[in-house]
Amino acid sequence: MNRRILTVALGAALLGLAGLAVADARAGDKAGGEKKAHHGGHADKCAKACADCMRECESCAHHCAHLVAQGKKDHLKTLGTCADCAEFCAAAARIVSRHGPLAVQVCETCAKACDVCAAACEKHMDDKHMARCARACRDCARECREMIRHAGHDHPKAKEGGR
C-alpha cells in the first residue's frame, strides 16, 4: 500500500513539474521565445506520456507479481520488464519536464524500454491490465520519439540518430 501511495505522489509531482514546464514555455513565448514554446509543447506531451506510462507499468508489475504468486510463471518476465520500464519512464518524465540537457538521450532509452515492455505485455492482450500497459508503453515511445524529432535542431545527438 505504501508503494502505491508513493507512486501516486510521484505521479502528482511529475504532473506538477509538467505544469511548471507549460508555464515556463508560455512565459518564454511571451518574451519572444517562440522556438522554446514550440519545443516546450512537445516536451510537455512527452513528460505526461512518460508519467502516465510509469504509473501503468508500476500497476502492471504489481499485477504480474500477484499472477506469479498464483503460479503463473509466464508473467515473471513481464513483471521485470514493467518494473524496469517504470524506472526509465520516471527518469524521462523528470528530465524532460525540466528541459534537461540529456532529455534526448533519456527519451531514446525510454522509448526502447517501452518497446520491450509493450512487446512483452502484448503477449497477454486478453488481460486488461497488460493491454493497458502495452498501450501506455506504445504511446510513451511515440511521444518520446516525437520529442526527439522536434529537439533535433538543438541536439547534435538527435541529428546523428542517437550515435
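Caption draft 1: Layout of the overall build of the protein. Counting secondary structure elements, the protein contains 6 helices and 0 strands. Listed by position from the N terminus, the elements making up the protein come as α-α-α-α-α-α. In the protein, 71% of the contacts between residues at least 6 apart in sequence involve partners at least 24 apart. Split by element, the accessible area of the protein, about 8,900 Å² in all, is 59% carbon and sulfur.

Caption draft 2: Examining the nonpolar core more closely. In this structure, Cys57, Val96, Cys114 and Cys137 are the most contacted members of the largest nonpolar core, which totals 42 residues. With residues near it in sequence (within four places) discarded, Cys137 still touches Cys53, Cys57, Cys85, Cys114, Cys117 and Ala118.

Caption draft 3: Fine view of the packing of helix H4 (residues 103–121) against helix H5 (residues 128–151). It is the contact of H4 with H5, at a shortest axis distance of 8 Å, that shows an interaxial angle of 155°. When the interaxial angle is binned, H4 and H5 end up roughly antiparallel. With respect to the hand of their crossing, H4 and H5 are arranged in left-handed fashion. Its residues assigned to classes, the contact of H4 with H5 shows 20 nonpolar, no polar and 5 charged.

Caption draft 4: Here's a closer look at the environment of Arg142. Position of Arg142 relative to the elements: it lies in helix H5. For the pair Arg142 and Ala111, spaced 31 residues apart in sequence, the C-alpha to C-alpha distance is 7.4 Å.

Caption draft 5: Up close: the pattern of salt bridges. Counted according to the given criterion, the structure contains 9 salt bridges. For Asp52, the salt bridge identified is with Lys48, shortest N-O distance 2.8 Å. Taken together, the positions of Asp52 and Lys48, both in helix H2 (residues 34–69) and 4 residues apart, correspond to about one turn of that helix. Arg55 is the partner of Asp52 in a salt bridge, and the nearest nitrogen-oxygen pair spans 2.4 Å.

Procedures and definitions
Residues numbered from 1 in each chain as written. Predicted model: local features only at pLDDT ≥ 70, side-chain atom pairs only at ≥ 80, totals over all residues. Heavy atoms only, no water. Helix = DSSP H or I, 4+ residues; strand = E, 2+ residues; numbered from the N terminus. Contact = heavy atoms within 4.5 Å. Areas by Shrake-Rupley, 256 points an atom, 1.4 Å probe, with all protein chains shown as cover. Core = buried A, V, L, I, M, F, W, Y, C linked by side-chain atoms within 4.5 Å. Buried < 20%, exposed > 50% of the residue type's maximum accessible area, 1.4 Å probe, protein only. Axes fitted to C-alpha atoms, helices over the stretch in contact; angles between N-to-C directions. Parallel < 35°, antiparallel > 145°, perpendicular 65-115°, else oblique. Left-handed = near helix turned anticlockwise from the far one by under 90°. Nonpolar A, V, L, I, M, F, W, Y, C, P; charged D, E, K, R; others polar. Salt bridge = Lys/Arg side-chain N within 4 Å of Asp/Glu carboxyl O.

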